[in-house]
Amino acid sequence: MSIGEFAQLTGLSLKALRLYDERGLLSPAVVDPWSRHRRYTAAQFERALRLRSARSADLPLAEMPALLADEGGAAATLAAHRARLAAERERQDAALDTLERLLAEPVRWETEVRQATAQHWAGVVLPVDESDVDSANEQANELFAQLWRRLSEAGNAPTGAFWTTIRTAPESETEIQVLCCWPVAAPPPADWGVESGTIESGAELVTRWRFDQEAPVVDGATHPAVLALLADAERRGASVSLAQVRQIGLLDEDGQPVGMEVAVRVAE
């Protein structure tokens, strides 16, 4: 049968059949040496239907050879793709649930102004790879622990909760860094190889959330409490950069983190 007839019977487009021929997935039974017309046979229906089903299931083209190989390889390929689709569907369902919550009743985050006292700090820089957030969190925790031990051994133990600031790397417009800091009684020595400074006393705009507090967090976006803080600062006429925002650990009685507090300097 002609390529057009074969396409009509199998549901594969002419473009798809030509592509599968190029990739060696489904070659014509015969190609006329003069006209170059492709001819197919009924014996090729099974292979064509596998490919058509794979296209309908959005199976990547690179994985289709395994689908046409031995039954064991085909089954494993199908199972792996089914698991990916299930995970993607779970992600989509979560996104839809979040969107429904945002449309139904947006969460309102309370902000307040407080007077911050002057505070020395010591910090270390962590370059951020946005594609591997979990790894970045683990690295940040390790950096905090290492700096805490070093400061304590030097008799300059942290005096309060840790905090972080997100910033663009110096002389870069795209590289993002996280500055991981501990408040300390005195600045560390200049030869320590860490960053340090002093937070001057003054008014701060603050909001906070607990880890057990339900909130419609959009995947990939900053926590809505941070966005609410920046929006409120803007309404107050403050010009705020991301590097001025501090995310401070909210600790329980045993010193364990139970949430976050976000603060940014505003004019009094």
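Up top is the structure.
Residues numbered from 1 in each chain as written. Predicted model: local features only at pLDDT ≥ 70, side-chain atom pairs only at ≥ 80, totals over all residues. Heavy atoms only, no water.

(A) Geometry of the overall build of the chain. Counting its regular elements, the chain contains 7 helices and 10 strands. Radius of gyration (C-alpha) of the chain: 29 Å, far over the 18 Å computed for a compact globule of 268 residues. Summarising its shape, the C-alpha atoms of the chain cover approximately 85 × 45 × 40 Å along the three principal directions. The 268 residues of the chain split such that 32% are buried. (Helix = DSSP H or I, 4+ residues; strand = E, 2+ residues; numbered from the N terminus. Rg over C-alpha atoms; globule rule 2.2 N^0.38 Å. Buried < 20%, exposed > 50% of the residue type's maximum accessible area, 1.4 Å probe, protein only.)

(B) How the structure looks around the pattern of salt bridges. Counting across every chain of the model gives 15 salt bridges. Of the charged contacts, one joins Glu-88 and Arg-91 as a salt bridge, the two residues approaching to 2.6 Å between their closest N and O atoms. Of this pair, Glu-88 and Arg-91 both sit in helix 5 (residues 71-104), 3 residues apart, which is roughly one turn of the helix. A residue is classified by how much of its surface remains accessible, and Glu-88, at 31% relative accessible area, is partly exposed. (Salt bridge = Lys/Arg side-chain N within 4 Å of Asp/Glu carboxyl O.)

(C) Fine view of the layout of surface pockets. If you add up the space inside the second largest pocket, you get close to 270 Å³. As for the second largest pocket, its lining consists of 16 residues, and the residues nearest its centre are Trp-163, Ile-199, Ala-243, Gln-244 and Arg-246. For the lining of the second largest pocket, the elements supplying multiple residues, two or more each, are strand 5 (163-168), strand 7 (195-199) and strand 10 (257-265). Looking at the lining of the second largest pocket residue by residue, the class counts come to 8 nonpolar, 3 polar and 5 charged. (1 Å grid on protein atoms, 1.4 Å probe; cavity = no way out; pocket = protein on both sides within 12 Å on 5 of 7 lines; lining within 4 Å. Points joined across faces, edges and corners; volume = space filled by probe spheres on them. Nonpolar A, V, L, I, M, F, W, Y, C, P; charged D, E, K, R; others polar.)

(D) The arrangement of a nonpolar patch on the surface in detail. Taken together, the side chains of Leu-96, Leu-99, Leu-102, Leu-103 and Val-218 make up a nonpolar region of the molecular surface, amounting to roughly 450 Å² of accessible area. Mapping Leu-96 onto the fold places it in helix 5. Residue classification places Leu-96 among the partly exposed residues on the basis of a relative accessible area of 44%. (Patch = residues over 30% accessible without salt bridge, like charges linked within 9 Å, V, L, I, M, F, W, Y side chains within 5 Å. Areas by Shrake-Rupley, 256 points an atom, 1.4 Å probe, with all protein chains shown as cover.)

(E) Summary view of the packing of aromatic side chains. Taken as a whole and assessed by the stated rule, the structure comprises 6 aromatic pairs. Between the aromatic rings of Phe-6 and Tyr-40, the centroid separation amounts to 4.4 Å while the plane-to-plane angle is 10°, which identifies the pairing as stacked. Taken together, the residues Phe-6 in helix 1 (residues 3-10) and Tyr-40 in the loop between strand 2 (38-39) and helix 3 (45-56) connect sequence positions 34 residues apart. Neither Phe-6 nor Tyr-40 differs from the other in exposure class; each is buried. Considering the side-chain rings of Phe-162 and Trp-182, the 6.0 Å spacing of their centres and the 80° angle between planes classify their relative orientation as edge-to-face. Note that Phe-162 is positioned in the loop between helix 6 (133-153) and strand 5 and Trp-182 in strand 6 (residues 176-184), a separation of 20 residues in sequence. Relative accessible area serves as the criterion here: at 18%, Phe-162 is assigned to the buried category. Across the ring face of Trp-192, the terminal group of Arg-150 is positioned such that the distance to the ring centre comes to 4.2 Å. (Phe/Tyr/Trp six-rings, centres within 6.5 Å; stacked < 30°, edge-to-face > 60°. Lys NZ or Arg CZ within 6 Å of the ring centre and 35° of its normal.)

(F) Region of the structure containing helix 2 (residues 14-22). Looking at helix 2, one finds that the buried residues are Ala-16, Leu-17 and Tyr-20. Looking straight down helix 2, one finds that the buried residues subtend no more than 100° of arc, so they occupy a single side. Seen from the open side of helix 2, the exposed residues pointing more than 90 degrees away from its buried face are Lys-15 and Glu-22. Looking at the buried residues of helix 2, the elements they touch are helix 1, helix 3 and helix 4 (64-67). Within two residues after helix 2, Gly-24 carries a phi angle of roughly 75°, on the positive side. (Arc of directions from axis to C-beta. Contact = heavy atoms within 4.5 Å.)

(G) Geometry of the pairing of strand 8 (residues 202-210). Counting buried positions along strand 8 yields 7 of 9 residues, so the element is predominantly enclosed. Relative to strand 8, strand 3 (residues 112-116) runs antiparallel, the two sharing 5 bridges. Looking at the pairing, Gln-115 lines up with Ala-203 of strand 8. In the sheet, strand 8 pairs with strand 10 via 7 bridges, with the strands oriented antiparallel. Across the sheet, residue Arg-210 finds its bridge partner in strand 10, namely Gly-259. (Pairing = 2+ DSSP bridges.)

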